[in-house]
Amino acid sequence: MSNLKSKEIRLKSRPDGMPSKANFDLVEVPVPAPKAGEFIVRNAYMSVDPYMRGRMVDRESYVPPFQIGEALTGGAVGQVIESQNPSYKVGDYVQHMLGWREIALIGSDPMSAMATMKVDPSIAPIQSYLGALGMPGLTAYAGLLRIGALKEGETVFVSAASGAVGAIVCQIAKNKGCFVVGSAGSDDKCQWLKDKARVDATINYKKFATEEALTAELKRLAPKGIDVYFENVGGIHLTAALSNMRAKGRVVMCGMIEQYNNTAPAPGPWNIIMTIPLGLRIEGFVVSNHFDLMGDFLRDMGQWIKAGKMTWHETIVDGIETAPEAFLGLFKGANFGKMLVRVGPDKAV
Ligand code: NDP
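Only a predicted model underlies this, so the values are computations on that prediction, with no experimental measurement involved.

## What to know about the overall build of the protein chain
Then comes step 1: The secondary structure content of the protein chain amounts to 10 helices and 15 strands.
Then comes step 2: Over its C-alpha atoms the protein chain spans a radius of gyration of 21 Å, differing by no more than 12% from the 20 Å that the globule rule assigns to 349 residues.
Then comes step 3: Projected onto its principal axes, the C-alpha coordinates of the protein chain cover approximately 65 × 45 × 35 Å.
Then comes step 4: With 349 residues in all, the protein chain has 53% of them scored as buried.
Then comes step 5: Counted over contacts in the protein chain with a minimum sequence separation of 6, partners at least 24 positions apart contribute 68%.
Then comes step 6: Summed over its atoms, the accessible surface of the protein chain is roughly 15400 Å², and 55% of this surface lies on carbon and sulfur atoms.
Then comes step 7: Averaged over its 38 positive side-chain charges, the protein chain has a centre that lies 4 Å from the centre of its 35 negative ones.

## Points about the site of the ligand
Then comes step 1: Close to the ligand lie 27 residues; Lys189, Tyr205, Tyr260, Val287 and Asn335 are nearest.
Then comes step 2: One nitrogen or oxygen atom from the main chain of alanine 164 is found 2.9 Å from an oxygen atom belonging to the ligand.
Then comes step 3: At 2.7 Å from an oxygen atom of the ligand is found a main-chain nitrogen or oxygen belonging to valine 287.
Then comes step 4: Partitioning the shell around the ligand into residue classes produces 17 nonpolar, eight polar and two charged.
Then comes step 5: Residues lining the shell around the ligand come from more than one domain, with at least three contributed by each of domain 1 (5-131 + 312-342) and domain 2 (135-288).

## Re the side chain of aspartate 49
Then comes step 1: Along the chain, the position of aspartate 49 falls in the loop between strand 3 (39-47) and helix 1 (51-55).
Then comes step 2: The residues touching aspartate 49, leaving out its near neighbours within four places in the chain, are Met135, Pro136, Phe327, Leu330 and Lys338.

## Here we look at the packing of helix 3 (residues 135-147) against helix 9 (residues 294-306)
Then comes step 1: With their axes 10 Å apart at the nearest point, helix 3 and helix 9 run at an angle of 100° to one another. As summarised for this structure, helix 3 and helix 9 are arranged roughly perpendicular, according to the angle between their axes. Contacts between helix 3 and helix 9 involve Gly137, Leu138 and Tyr141 from the first element and Met294, Asp296, Phe297, Arg299, Asp300 and Trp304 from the second.
Then comes step 2: Its residues placed into classes, the contact of helix 3 with helix 9 shows five nonpolar, one polar and three charged.

## As for the domain arrangement of the protein chain
By convention, interface size is frequently given as the accessible area that disappears when the constituent parts associate.
Then comes step 1: For the protein chain, the assigned domains read domain 1 (5-131 + 312-342) and domain 2 (135-288).
Then comes step 2: Between the C-alpha centres of domain 1 and domain 2 there is a distance of 29 Å.
Then comes step 3: When domain 1 packs against domain 2, close to 1400 Å² is buried across both sides, 66% of that on carbon and sulfur atoms.
Then comes step 4: The largest contributions to the domain 1 side of the interface with domain 2 come from Gly131, Trp312 and Phe336, which together make up 30% of the buried area.
Then comes step 5: At the boundary of domain 1 and domain 2, one finds zero salt bridges.
Then comes step 6: Joining domain 1 to domain 2, the criterion identifies five residue pairs in polar contact (both at pLDDT 80 or more).

## Concerning empty space enclosed by the protein
Then comes step 1: Taken as a whole and assessed by the stated rule, the structure comprises one cavity of 30 Å³ or more.
Then comes step 2: In this structure, the largest cavity spans a volume of roughly 70 Å³.
Then comes step 3: Every residue lining the largest cavity is listed: Gly131, Ala132, Ser162, Gly163, Ala164, Ala167, Ile168, Trp312, His313, Glu314, Gly337 and Lys338.
Then comes step 4: Of the residues assigned to the lining of the largest cavity, the class counts are five nonpolar, five polar and two charged.
Then comes step 5: Composition of the lining of the largest cavity by domain shows at least three residues from each of domain 1 (5-131 + 312-342) and domain 2 (135-288).

## Comments concerning the environment of asparagine 261
Then comes step 1: Relative to the helices and strands, asparagine 261 is located in the loop between strand 12 (245-253) and helix 8 (275-278).
Then comes step 2: Judged by relative accessible area, which is 12%, asparagine 261 ranks as buried.
Then comes step 3: For the pair formed by asparagine 261 and arginine 53, sequence separation is 208 residues and the distance between their alpha carbons is 7.9 Å.
Then comes step 4: Not counting chain neighbours up to four residues away, the residues in contact with asparagine 261 comprise Gly17, Met18, Pro19, Arg53 and Phe331.
Then comes step 5: Polar side-chain contacts of asparagine 261 include one of 2.6 Å to the side chain of arginine 53.

## Quick word on the sheet that holds strand 8 (residues 155-158)
Then comes step 1: Strand order in the open sheet formed by six strands is 10-9-8-11-12-13, with parallel pairing between adjacent strands. The strands lining the two open edges of the sheet, one partner per strand, are strand 10 (201-204) and strand 13 (281-284). Ignoring strand direction, the axes of neighbouring strands in this sheet form an average angle of 15°.
Then comes step 2: Note: strand 12 against strand 13, four bridges, orientation parallel. Its bridge partner being in strand 13, valine 251 is matched across the sheet by isoleucine 282.
Then comes step 3: Lying over the sheet, helix 5 (residues 187-195) contacts strand 9 (179-184) and strand 10, oriented at roughly 170° with respect to strand 10.
Then comes step 4: Of the strands in this sheet, strand 8, strand 9, strand 10 and strand 11 (226-231) are in contact with helix 6 (residues 211-221), which crosses strand 10 at around 165°.

## Side note on the packing of aromatic side chains
Then comes step 1: What the rule picks out here adds up to nine aromatic pairs.
Then comes step 2: Ring plane angle 20° and centroid distance 5.0 Å describe the contact between phenylalanine 157 and tyrosine 229, whose orientation is recorded as stacked. Of the two residues, phenylalanine 157 is situated in strand 8 and tyrosine 229 in strand 11; the sequence distance between them amounts to 72 residues. Take phenylalanine 157 and tyrosine 229: they sit in the same class, and that class is buried.
Then comes step 3: These aromatic residues form a ring-pair network of at least three members: Phe24, Trp100, Phe327 and Phe331.
Then comes step 4: The side chain of lysine 118 reaches across the aromatic face of tyrosine 88, ending 5.7 Å from its centre.

Conventions used here
- Residues numbered from 1 in each chain as written.
- Predicted model: local features only at pLDDT ≥ 70, side-chain atom pairs only at ≥ 80, totals over all residues.
- Heavy atoms only, no water.
- Helix = DSSP H or I, 4+ residues; strand = E, 2+ residues; numbered from the N terminus.
- Rg over C-alpha atoms; globule rule 2.2 N^0.38 Å.
- Buried < 20%, exposed > 50% of the residue type's maximum accessible area, 1.4 Å probe, protein only.
- Contact = heavy atoms within 4.5 Å.
- Areas by Shrake-Rupley, 256 points an atom, 1.4 Å probe, with all protein chains shown as cover.
- Lys, Arg positive; Asp, Glu negative; His and termini not counted.
- Charge placed at Lys NZ, Arg CZ, Asp CG, Glu CD.
- Near = heavy atom within 4 Å.
- Polar contact = N/O pair within 3.5 Å; in protein donor to acceptor, adjacent residues only side chain to side chain.
- Nonpolar A, V, L, I, M, F, W, Y, C, P; charged D, E, K, R; others polar.
- Domains from an automatic or database assignment.
- Axes fitted to C-alpha atoms, helices over the stretch in contact; angles between N-to-C directions.
- Parallel < 35°, antiparallel > 145°, perpendicular 65-115°, else oblique.
- Buried area = accessible area lost by both parts, 1.4 Å probe.
- Salt bridge = Lys/Arg side-chain N within 4 Å of Asp/Glu carboxyl O.
- 1 Å grid on protein atoms, 1.4 Å probe; cavity = no way out; pocket = protein on both sides within 12 Å on 5 of 7 lines; lining within 4 Å.
- Points joined across faces, edges and corners; volume = space filled by probe spheres on them.
- Pairing = 2+ DSSP bridges.
- Phe/Tyr/Trp six-rings, centres within 6.5 Å; stacked < 30°, edge-to-face > 60°.
- Lys NZ or Arg CZ within 6 Å of the ring centre and 35° of its normal.

This is how it looks when you write it as structure tokens:
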């Protein structure tokens, strides 16, 4: 043992519908000493993400389900405090997949090696590598540019627009000279989208709570129609978007958070038939199949940040024990931008 103790969050039971704090356990465990090829990271921040809800269900998917009684996993960033791996020195900042715990022992197996990389704290605050400069940012980039095949000057509609993915989508579209309409769940989020993310028009979707109202508002804001809809939500957002698409439009299926806690199948959009006369393309994607874009993504993000053309918001809560609540908050819009949990100091050595 290393003399270190770490608190971690385990899955206690599988949620049925909306998860609750009772589905999680907080446990303190000893941290084993690192063997050859291994190293220990003092996590500073861990990420909670909507996709984790899917991993709480016992079913085959593109990532294996979480197991009951085991610590959850997910993105985290922190500093190496002990190392038996010559590639990672004490003091290095790394991003890895052993979140939901204060201290992580990173294994020497190929999977751990693939999921771990050094990050440069001089480029951006370390937690950015879990948001704008990390998985959510790459999701926005790959989804909009590769799947959405965005062209200069097009009209883009983005749901969950002020979130970790959505806010980056909006700004990439603006940087490509597009007209952007963003939908979010509060006036504050909408104001930020206009003031900081340069979004042209916003919808507080809670004020347009029926399909008819949302469809009409979208039509008012983008009278010539939508070329690319970046789907993060589902439900009436998808139906309203389909009713406003232009010919040859693309619907980028990134997420459908509205459905993640459903206990019964959600109805499909009745107007999916619009794909036929308009020649629409609806395409889903998983970010992990687009890691080849990482170099281009970081290059472009670096340039946009330098030019003052990329900003983001974060919601940071403190303490590993707050992680379940932070996760639950994603389904209530409690986060403004990337939701993060601070589980340790930025500087551990
Ligand atoms: P966000 O930071 O956007 O947080 C989730 C947001 O969704 C909330 O803040 C809330 O914002 C909104 N929301 C929650 N419930 C509802 C609801 N019932 N109706 C409408 N809006 C709701 O999360 P991410 O940016 O991390 O993820 C956004 C989407 O992208 C998710 O669907 C996620 O699953 C998906 N995703 C997909 C990936 C892929 O590889 N395909 C990778 C990463 C994310 P508000 O206040 O505006 O309601």
